[in-house]
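# Residue-level structure breakdown
Here is what each chain is made of, one letter per residue.
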Amino acid sequence: MRIYLIEDLADNDYKTICKAFDDLGVRGSLEGIWYLPLPEDLLQQEQKDHLGECGPYFMALEGVESPDQNSFRMELLVRARNRIRCSCVTYATPEQRKHMIEYLDQFIEELEISV
């Protein structure tokens, strides 16, 4: 799996980020998972074609809280909310990857957390 990893977060910073994502309403069905929506203008043609059936599309963010190290892992896989397996579920394009990494970095920076 390809991921973008942010690690070595202080407990308070980790909890601040978790709460901010919860406040956005993007929490997944499992504890510590958030679904970060991918803008429609960045979708590949097949994803646009499948939007009604498979979408919306997102990248999963996993928060890992441990005594040793708190971290966030964003999968660089574009997932579909309404279908687990389909040809439209694929690794992010360079544009999608760049956008989502910059989004996550900016989100954390706006919380005044330095990583």
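The structure this text deals with has already been given above.
Residues numbered from 1 in each chain as written. Predicted model: local features only at pLDDT ≥ 70, side-chain atom pairs only at ≥ 80, totals over all residues. Heavy atoms only, no water.

### Comments concerning the packing of aromatic side chains
If you walk through the whole model with that rule in mind, you get six aromatic pairs. With 5.0 Å between their ring centres and 25° between their planes, Tyr14 and Phe72 make a pair best called stacked. Taken together, the residues Tyr14 in helix H1 (residues 11-24) and Phe72 in strand S4 (residues 70-75) connect sequence positions 58 residues apart. Ring geometry for Trp34 versus Phe72: centroids 6.0 Å apart, planes at 50°, classification tilted. Here Trp34, found in strand S2 (residues 33-37), pairs with Phe72, found in strand S4; they are 38 residues apart in sequence, far enough to count as distant. The class of Phe72 is buried, set by a relative accessible area of 1%. One aromatic cluster is present, built from ring pairs that chain together Tyr14, Phe21, Trp34, Phe72, Tyr103 and Phe107. In this structure, Arg2 is placed above the aromatic ring of Tyr91, and the distance from its NZ or CZ to the ring centre is 4.1 Å. The cationic tip of Arg81 hangs over the ring face of Phe58; the distance from NZ or CZ to the ring centre is 5.5 Å. (Phe/Tyr/Trp six-rings, centres within 6.5 Å; stacked < 30°, edge-to-face > 60°. Helix = DSSP H or I, 4+ residues; strand = E, 2+ residues; numbered from the N terminus. Buried < 20%, exposed > 50% of the residue type's maximum accessible area, 1.4 Å probe, protein only. Lys NZ or Arg CZ within 6 Å of the ring centre and 35° of its normal.)

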